[in-house]
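A closer look at the structure
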Amino acid sequence: MIFKNLVFIASILFFTNLQAQNIDSQKYSKKEYSAQRISEAPKIDGFINDPVWEGKSIATNFLMVEPGDGDPSRETHPTEVKIVYDDEAIYIAAYMLDNEPDRILRQFTQRDNIGQADFFLVDINTYNDGENQTRFLITSAGTLADAKMSGENEDYSYNVVWEGEISYDDKGWYAEIKIPYAALRFPKKEEQLWSIQMSRKITHLNETYSWNYIDKSVGKITQFNGLLRGIKNIDPPVRLSFYPYSSIETDQFEGTNQTNFSAGLDIKYGITDAFTLDATLIPDFGQTAFDNVELNLGPFEQAFGENRAFFTEGTELFTKGDLFYSRRIGDSPIGFNQAQRGSFNNEVLIENPEKADLLNAVKISGRTENDLGIGFFNAVTKETNAIFQDTVSGDLRYRVTEPLANYNIIVLDQQFNQNSSISIINTNVVRDGSFRDGNVTGFLFDVFNNSNSFNLEGEAKMSNVNKPGQNITGFASNFEINRTKGNFRYGVEHDFANETYDINDLGLNFRNNYNNFSWSTSYQIFEPTGKFNRYTIQLFGNHTRRYKPDLATGTDVGGSFFGVLKNRFAFGGYAVIESDFKDFFEPRREGHYITYKQSLGGETWISSDYRKKFAIDARLGLRTYFDSDQENYTLKLSPRFRFNDKLSFIYSFNYSNINNRNSFVVLKPENIIFGNRDTKSVENSLQGSYNFNTKQALSLSFRNFWSVANFAEGEFKNLQKNGELTATNYPVTPNNDPNVNFNIWNLDLSYRWQFAPGSEAILLYRNSIFNLSDQSEIGFEESLERLFEQSLRQNLSLRMVYFIDYNNIKKIFKS
């Protein structure tokens, strides 16, 4: 009897385990969908009632990505998708059913801004390489978004022309999408084998589902696509499109009015099915956003984000190795500062352009059938001159501050095993005449083992700077190994650069001459646990060294926490303790350093639920020094209010206060003068938008940044060779006063209308004020009053871009 009971129990366990294995195998198996060819394209209007959709196979049984891990979709919220194709495009019909359609969030936004809305997305990887794919997304309000995906990275600056519309009824919402082959790059084959992923976000439930299961505990999300089969014998049209533009602007400053008209052309041409040429001829960047300029008292230049679309769209190949800082192209001429102080006797500087004009730029990129990515980039800037005038004779003298310059990038990126890559990249800057040239070559690798549990990543980069009569070579490397699977993860990293490594002709590099080591370990969850949807706990440490001479510059250890509750309230922070730190850059003289004392610092932050009409982000930071009076405080507040689905505002307030910091003042032939400096800054900004629909919007962008730096009177010091400071007498006069009061104001008000796919008109009004003085004793209110006493620059511009598809032109001529 006992034996029979044991056999019965064992049988139950066996079949239960077998059933669980079957469920798991269904979850983990790669799904497939076979698209069907159609002879007549559906009308893209969001109403899925065209005959072409009748009887087509359905992709369904979506599985949870967030917050759970692979749970089946709710019976009340099923998702169904159909896919068909012809020689021009693929077409997608998506049914997002919902038993409570009134709860569907549908905030109106403009392209690439999702906001608080449900969405449906499709990721298409035309090479099925587990790495590169294009994302197409449509929200429940009808907003379109597209991005280039590389592993976990989303680049929403990428824009192509495609169509999508939505509709509603009492069962949910629906999306109809057309993706032309011109928006994709794929190998020339009789039958295509693409990987595809489809996802749906149900915002009011805070749940996301995908068609093919995504194992968040291992690998990259791009490795968990299903397969799209059936696309055969397609004869895609010529991929050639034109984007002509014209703009007119009027500028008013200090009683002078100036009106300018410009026109130009961008071209996209599919050289083959896989490779595309992008060119901008006579580019115009007049309506790019303001840079967030700050008072920069440090030893390094301030880095700015790229606001020019040509340099952000489709540049994923060119950014490998972090050797491409696109703001170098058309940046301040290399001889600008010399011209500022380089006049002869009886001369005055009457013109010194702050930017070098871009003549044209071209980029070619694509990927072969064997997963070899190839990229070529070229840009040319024209000669820039400073103009001096002799005050006696009136003669003009021209001095070249930036010659004709040619910028080049070549990239080869071989991907393999669905998860790994090896890359070679070269950047080159050649300037006409006796000026500085630069050349950098990098070898990169990013390799995972077959189970995606470990990752080896590294790079070796060689720089070469040619100056008249001088050739300087530098080297830098990075190597790291990381555990990339499971809840518990860890990794170590080594960073190295010798003292001559310099990539700043086309890249951005603040520091060299280092030999640094770091480690980290973390624990994270992938399914809801207790009150948390997810959280990550991390411990880390860093040890930094100087390469020449070989000495330690500092060590720190710390920990961090990130968590999201089930009600979408997020919070976290970090704490870190640092040893004495030898700063070799603040003194501005090679071989010298200043020692900053041991410190303890940290930051904490919160972010409330954005689904609510009112939400807030807040961040508080503090750092205190053990053997020094220095203290740092930061506070950031950013409340946001969504009045309705069309109108919303985000206000941001940033406050920073650094007290009693020993800071650089001036270089003397025999000494380096430091002083005790207090620095305070306040930034106020406001972003607002009224969206008439998903194609028209009125937007406001405002920013005011004020900063003051005040040196304690009579507390100036000499920097010694051992990094310590000794008191000295440094007389402050109006000509050498290091105190500063900085205030800047920018305001943009724009109306944007996308009147056709790929075509838009932008009417922009902007004004700006700037003031810089040595009045460090005045406060924010008085500084603002004096800012408004300065001349106001006002600018009004209208820019129109029109998308022209060569195939449409051909059809017109045929008809």
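Residues numbered from 1 in each chain as written. Predicted model: local features only at pLDDT ≥ 70, side-chain atom pairs only at ≥ 80, totals over all residues. Heavy atoms only, no water.

Within the protein chain, the secondary structure is distributed over 4 helices and 45 strands. The C-alpha radius of gyration computed for the protein chain amounts to 30 Å, which stays within 12% of the reference 28 Å derived for 815 residues, consistent with globular compactness. By its C-alpha atoms, the protein chain is 100 × 85 × 55 Å across when sized along the principal axes. Going through the 815 residues of the protein chain one by one, you find that 48% of them count as buried. Contacts in the protein chain between residues far apart in sequence, at least 24 positions, make up 62% of those at least 6 positions apart. If you sum the accessible surface of the protein chain, you get close to 39,400 Å²; carbon and sulfur atoms cover 54% of it. Put simply, the protein chain has 82 plus and 104 minus side-chain charges, and the middle of one group is 4 Å from the middle of the other. (Helix = DSSP H or I, 4+ residues; strand = E, 2+ residues; numbered from the N terminus. Rg over C-alpha atoms; globule rule 2.2 N^0.38 Å. Buried < 20%, exposed > 50% of the residue type's maximum accessible area, 1.4 Å probe, protein only. Contact = heavy atoms within 4.5 Å. Areas by Shrake-Rupley, 256 points an atom, 1.4 Å probe, with all protein chains shown as cover. Lys, Arg positive; Asp, Glu negative; His and termini not counted. Charge placed at Lys NZ, Arg CZ, Asp CG, Glu CD.)

Let us now look at the side chain of Ser773. Summarising the element assignment, Ser773 is placed in strand 43 (residues 759-773). Separated by 3.4 Å, the side chain of Ser773 and the backbone nitrogen of Gln775 make a polar contact. Excluding residues that lie within four positions of it along the chain, Ser773 makes contacts with Asn739, Val740 and Asn741. (Polar contact = N/O pair within 3.5 Å; in protein donor to acceptor, adjacent residues only side chain to side chain.)

With that settled, consider the sheet that holds strand 11 (residues 172-180). Sheet architecture is open: 5 strands sit in the order 2-4-5-11-10, paired in mixed fashion. On the outer flanks of this sheet lie strand 2 (36-37) and strand 10 (163-169), each paired with one strand and no other. (Pairing = 2+ DSSP bridges.)

A word on the side chain of Asn746. The residue Asn746 is located in strand 42 (residues 740-756) in this model. Taking relative accessible area as the criterion, Asn746 reaches 7% and is therefore assigned buried. With near-sequence residues (within four places) excluded, Asn746 lies in contact with Phe290, Asp291, Ser701, Phe702, Arg703, Asn767 and Ser768.

Position of Phe641 among the secondary structure elements: in strand 37 (residues 631-642). A residue is classified by how much of its surface remains accessible, and Phe641, at 33% relative accessible area, is partly exposed. Excluding its chain neighbours within four sequence positions, the residues that come into contact with Phe641 are Lys613, Phe614, Leu647, Ser648 and Phe649.

Spatial strand order, 18-21-22: 3 strands in an open sheet with antiparallel pairing. Across the chains shown, the open sheet's two edge strands, defined by having one partner strand only, are strand 18 (347-351) and strand 22 (396-402). Each adjacent strand pair in this sheet contributes to an overall mean axis angle of 35°, direction not counted. (Axes fitted to C-alpha atoms, helices over the stretch in contact; angles between N-to-C directions.)

Turning our attention to the environment of Pro528. On the secondary structure map, Pro528 appears in the loop between strand 29 (514-524) and strand 30 (532-546). Accessibility expressed as a relative area gives 33% for Pro528, which makes it partly exposed. Once the C-alpha coordinates of Pro528 and Arg766 are considered, the two residues, 238 residues apart in sequence, prove to be 47 Å apart. Setting aside anything within four residues of it in sequence, one finds Pro528 in contact with Pro67, Gly68, Asn533 and Lys566.

A word on the packing of aromatic side chains. The full count for this structure, using the stated rule, is 39 aromatic pairs. Pairing Trp706 with Phe780 gives two aromatic rings, centres 5.6 Å apart and planes at 65°, and the pair type is edge-to-face. Of the two residues, Trp706 is situated in strand 40 (residues 696-719) and Phe780 in helix 3 (residues 780-787); the sequence distance between them amounts to 74 residues. Taking the relative accessible area as the measure of exposure, Phe780 reaches 26% and is therefore partly exposed. Taken together, Phe310, Phe311, Phe318, Phe324 and Phe377 form an aromatic cluster joined through their ring pairs. (Phe/Tyr/Trp six-rings, centres within 6.5 Å; stacked < 30°, edge-to-face > 60°.)

Here the bond from Glu66 into Pro67 is cis, since omega is 0°, no more than 30 degrees from zero. Within the secondary structure, Pro67 sits in the loop between strand 3 (63-66) and strand 4 (79-85). Across the junction of Lys548 and Pro549, the peptide omega takes the value -10°, indicating a cis bond. Of note, Pro549 is situated in the loop between strand 30 and strand 31 (551-565). Positive phi is not limited to glycine here, since Asn61 has a value of about 55°. By the element assignment, Asn61 lies in the loop between strand 2 and strand 3. One non-glycine residue, Arg588, lies in positive phi territory at about 65°.

Right, let's get into the nonpolar core. One recurring pattern in soluble globular proteins: nonpolar side chains tend to sit buried together. Counting 41 residues, the largest nonpolar core has Phe120, Ile179 and Met198 as the members making the most contacts within it. The next biggest cluster of nonpolar side chains, apart from the first, holds 24 residues, and it includes Phe311, Leu358, Tyr407 and Ile503. (Core = buried A, V, L, I, M, F, W, Y, C linked by side-chain atoms within 4.5 Å.)

Applying the stated rule across the entire model yields 42 salt bridges. Put simply, Glu66 and Lys216 hold a salt bridge, and the shortest N to O gap is 3.8 Å. Highlighted residues: Glu66 in strand 3 and Lys216 in the loop between strand 13 (207-210) and strand 14 (226-229), separated in sequence by 150 residues. Overall, Glu66 belongs to the partly exposed group, its relative accessible area being 29%. Exposure remark for Lys216: the relative accessible area of 17% places this residue in the buried category. (Salt bridge = Lys/Arg side-chain N within 4 Å of Asp/Glu carboxyl O.)

Along the chain, Ile472 turns up in strand 27 (residues 470-483). Leave out the neighbours within four places in its chain, and Ile472 touches Ser463, Asn464, Val465 and Thr500.

We now examine the pairing of strand 30. Remember that side chains alternate between the two faces of the sheet whenever the strand is regular. Here 9 bridges tie strand 29 to strand 30, and the two strands are oriented antiparallel to one another. Bridge pairing in strand 30 places Ser522 opposite Gln538. Pairing geometry for strand 30 and strand 31, over 14 bridges, is antiparallel. Opposite Arg546, over in strand 31, you have Leu551 as the bridge partner. Between strand 30 and the antiparallel strand that follows it, strand 31, lie 4 residues.

Before going further, it helps to spend a moment on a nonpolar patch on the surface. Together, Leu456, Phe479, Ile481, Val492, Trp519, Leu539, Val557, Ile577, Leu600 and Phe626 give the surface a local cluster of nonpolar side chains, amounting to about 840 Å² of exposed area. Within the element layout of this structure, Phe479 appears in strand 27. Using a relative accessible area of 41% as the deciding quantity, one classes Phe479 as partly exposed. (Patch = residues over 30% accessible without salt bridge, like charges linked within 9 Å, V, L, I, M, F, W, Y side chains within 5 Å.)

Now for the pairing of strand 22. Sheet topology places strand 21 (residues 384-390) next to strand 22; 6 bridges connect them, and they run antiparallel. Each bridged residue has a counterpart across the sheet, and for Ala386 the counterpart in strand 22 is Arg399. In this antiparallel pair of consecutive strands, strand 21 and strand 22, the connection spans 5 residues, and Gly394 shows a positive phi of 80°.

Per-residue confidence for the protein chain averages 92 on the pLDDT scale, and 96% of its residues sit at or above 70. With pLDDT under 50 throughout, residues 1-26 is counted as low confidence; its partners more than four residues away or in other chains account for 0 contacts. (pLDDT = per-residue confidence, 0-100.)

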